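In case you want the letters, here they are:
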Amino acid sequence: MDWFGLILLAIVQGVAEFLPISSSGHLALGAHFLGLSEGQDELSIVLHGGTLGSILVFYHRRILALLSQDRRVIPMLIVGTIPAGVLGVFLKKMAPSMWGIDIMDGFPAALTASLMLPITGLLMLSIPLLRARQRDEEALQEYQQLSYGQVFVIGCFQAFALLPGISRSGSTIFAGILTGLRSQAAATFSFLLAIPAICGAMTLELKDVIENGSTTSPVLLVTGAFISFVVGLVSLVLLSKFINQGKLHWFAYWTIPLGLLASIQLLAEFMRSQVEM
C-alpha cells in the first residue's frame, strides 16, 4: 500500500461510512475499476477505528447519557445489533467471499454494488415522501422512546447493509424515520447502533490479523486512522446539516447514476468476455 492509495482509502472510508452513499459499494467499484483495495486486514481495522473515533467524539454527550438517564437504550442497541451480527458471522463462516474485503476482489462484488447503489438512492428519495405522510410532528418519537420491535426492524435494515452498495447509515436512518422517529433522532440512533457494529467488524478482522500477522507499516496505519477520523468528523457535521435541511434525498442523485453507469460498464465487460471466448 503506497501513500496515495492509503490517503484515498482513508478519505473514502471517512466520507462514505457516514454519508448515505455506501463505503462498501464505493470500495467494491474502486477495487474493480481502479484497483483500489484495502488489501490488509490491519489497514481495514485502523480505518474503521478512525471512523469509530469520529462517532465517539461527535456523539460523546449522547454516549455519556447511556450511562445515566438513557440506560434503557443499551439493551435496545444490543437487540438492534443481533440481525447484522448473526448474518455477519454466518457469512464469515459459510461464505467468506461475501464478507468484508474478500468480496471486493472480484466481479460479483462490483456487480452487487452497482445493483444495490440505486436501491440506496431510492431509500433516500423515499424519505421526503415518508415525512410528507408524517404530518403530526408531535407524534414523532425520540430514539429513547423506541420499542424493541421498532429497534429490531432498524437492526434488520442494518443487516441488509452487509450487501455492498447498501449504505448502513442511509438504510438505518430510513428505517428509523419509517418507524416514526424524528430525523435527527433516527440519525443519532443509527450512529449509536454503528458502535457495536463497527466493533464487531473490527473484532472479526483482528482475529485474521492475529492469525496471519501484520505486514503494514505502523506509520501508514496511524496516518490512515487519523485521516479517516478527521474526514469522518467533517462528514458527520455535513450529514447533520443535510438532515436539518431535509436534503438527504440529494445523495440519491449520486448513488443512482453511479450504480446505473457501473452496471452498464460491467455488462459491457461481460459481453466482451463472452465474445472473446
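Provided above is the structure to which this section pertains.
In this report, the structure presented in the accompanying data block is examined. Keep in mind it's a predicted model, so treat the numbers as computed, not measured. (Residues numbered from 1 in each chain as written. Predicted model: local features only at pLDDT ≥ 70, side-chain atom pairs only at ≥ 80, totals over all residues. Heavy atoms only, no water.)

Bringing the environment of Thr179 into the picture now. Topologically, Thr179 is positioned in the loop between helix H8 (168-178) and helix H9 (183-212). Accessibility expressed as a relative area gives 18% for Thr179, which makes it buried. Through-space distance from the C-alpha of Thr179 to that of Leu140 is 9.1 Å; in sequence the pair is 39 residues apart. Not counting the four nearest positions on each side in its chain, Thr179 is found in contact with Gln141, Leu146, Gln150, Val153 and Ile154. (Helix = DSSP H or I, 4+ residues; strand = E, 2+ residues; numbered from the N terminus. Buried < 20%, exposed > 50% of the residue type's maximum accessible area, 1.4 Å probe, protein only. Contact = heavy atoms within 4.5 Å.)

Within this structure, the stated rule accounts for one salt bridge. Note that Glu142 is salt-bridged to Arg182, the shortest N-O span being 3.2 Å. In this pair, Glu142 sits in the loop between helix H6 (107-133) and helix H7 (148-160) while Arg182 sits in the loop between H8 and H9, placing the two residues 40 residues apart along the sequence. Using a relative accessible area of 31% as the deciding quantity, one classes Glu142 as partly exposed. (Salt bridge = Lys/Arg side-chain N within 4 Å of Asp/Glu carboxyl O.)

With that settled, consider helix H2 (residues 23-34). Counting buried residues along H2, nine of its twelve residues qualify, which places the element largely inside the surrounding structure. Restricting attention to buried positions, one finds in H2 the residues Ser23, Ser24, Gly25, His26, Leu27, Ala28, Leu29, Gly30 and Ala31. Two residues or fewer after H2 comes Gly35, characterised by a positive phi angle close to 75 degrees.

Between H7 and H8, the shortest axis-to-axis distance is 8 Å and the interhelical angle comes to 155 degrees. Between H7 and H8, the crossing angle belongs to the class labelled roughly antiparallel. The two elements H7 and H8 cross, and the hand of that crossing is right-handed. When H7 is examined against H8, the residues Ile154, Phe157 and Gln158 are found in contact with a partner set consisting of Arg168, Ser171, Thr172, Phe174, Ala175, Gly176 and Leu178. When the residues that make up the contact of H7 with H8 are grouped by side-chain class, the tally is five nonpolar, four polar and one charged. (Axes fitted to C-alpha atoms, helices over the stretch in contact; angles between N-to-C directions. Parallel < 35°, antiparallel > 145°, perpendicular 65-115°, else oblique. Left-handed = near helix turned anticlockwise from the far one by under 90°. Nonpolar A, V, L, I, M, F, W, Y, C, P; charged D, E, K, R; others polar.)

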